[in-house]
Amino acid sequence: EQFENALADIETVIKLKPDFFEAVRRRAALLVTSDRIDEAIKGLQSVVEEHPDQLELRMTLGVLYHSKKEPRKAIEQFNRVAEADVKHWALFRHRADALLSIGKQAEALRDYESALKLNPTDPGILNNLSWLLCTSPDKKLRNGERAVDLAEKAAKETDHKAAYILSTLAAAYAETGDFKRAVEWSEKAGALGE
């Protein structure tokens, strides 16, 4: 946990070998761990400007922008990765999350569906797609029965121990009109203390 020493070592490695992109990624991770996300973003941004083909770094940059509540900048990075014809579940999942946060639910739905095809057991994808299907203000996107199915799978994947997933399951049951089960799962989510 000697972050400053580790950071100094990584900076030395980057000076000696600027194209060692794993070191760049690790520097960003260390900066984020040290609550210096702006520095991490700035460092990644300068590298991807010089090396636009470094898609993994661009993905990391998008994730950091989204965590910093800058979803449009995140989407811009994810779109640049998608332009390279990348078909990876994480790209679709992260872009869907960012799209959802700016109210582009139909686009988010498409990306969640793509992510789910590539990673059908990921609890985060299952949960977020379920949430969209049971809470969207666009009635054309809502599908309570599918939302229940997805949320039940997410709950099973997490051994029914993730409060946010149980909360989604409750919302999905409410969407189908099964308020008894909605209350039951909502209480279980609350009992987990999250």
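About the cut-offs
- Residues numbered from 1 in each chain as written.
- Predicted model: local features only at pLDDT ≥ 70, side-chain atom pairs only at ≥ 80, totals over all residues.
- Heavy atoms only, no water.
- Axes fitted to C-alpha atoms, helices over the stretch in contact; angles between N-to-C directions.
- Helix = DSSP H or I, 4+ residues; strand = E, 2+ residues; numbered from the N terminus.
- Left-handed = near helix turned anticlockwise from the far one by under 90°.
- Contact = heavy atoms within 4.5 Å.
- Nonpolar A, V, L, I, M, F, W, Y, C, P; charged D, E, K, R; others polar.
- Salt bridge = Lys/Arg side-chain N within 4 Å of Asp/Glu carboxyl O.
- Buried < 20%, exposed > 50% of the residue type's maximum accessible area, 1.4 Å probe, protein only.

Engineer: Please set out the packing of helix H3 (residues 37–50) against helix H4 (residues 55–67) residue by residue, giving values where relevant.
Structural biologist: Contact geometry of H3 with H4 gives a least axis separation of 10 Å together with a crossing angle of 150°. Where H3 crosses over H4, the handedness of that crossing is left-handed. Where H3 abuts H4, its residues Ile37, Ala40, Ile41, Leu44, Gln45, Val47 and Val48 lie against Leu57, Arg58, Thr60, Leu61, Leu64, Tyr65 and Ser67. Looking at the contact of H3 with H4, its residues break down into 10 nonpolar, three polar and one charged.

Engineer: Let's hear about the pattern of salt bridges: which residues, and what values?
Structural biologist: For the structure shown, the criterion picks out 18 salt bridges. Measuring nitrogen to oxygen at the nearest pair gives 3.7 Å for the salt bridge that ties Arg25 to Glu56. Of the two residues, Arg25 sits in helix H2 (residues 21–33) while Glu56 sits in helix H4, which places them 31 residues apart along the sequence. Classification of Arg25 by relative accessible area gives partly exposed; the value is 26%. We classify Glu56 as exposed; its relative accessible area is 52%. By sharing partners, the salt bridges in this structure join Glu22, Arg25, Arg26 and Glu56 into a single network.

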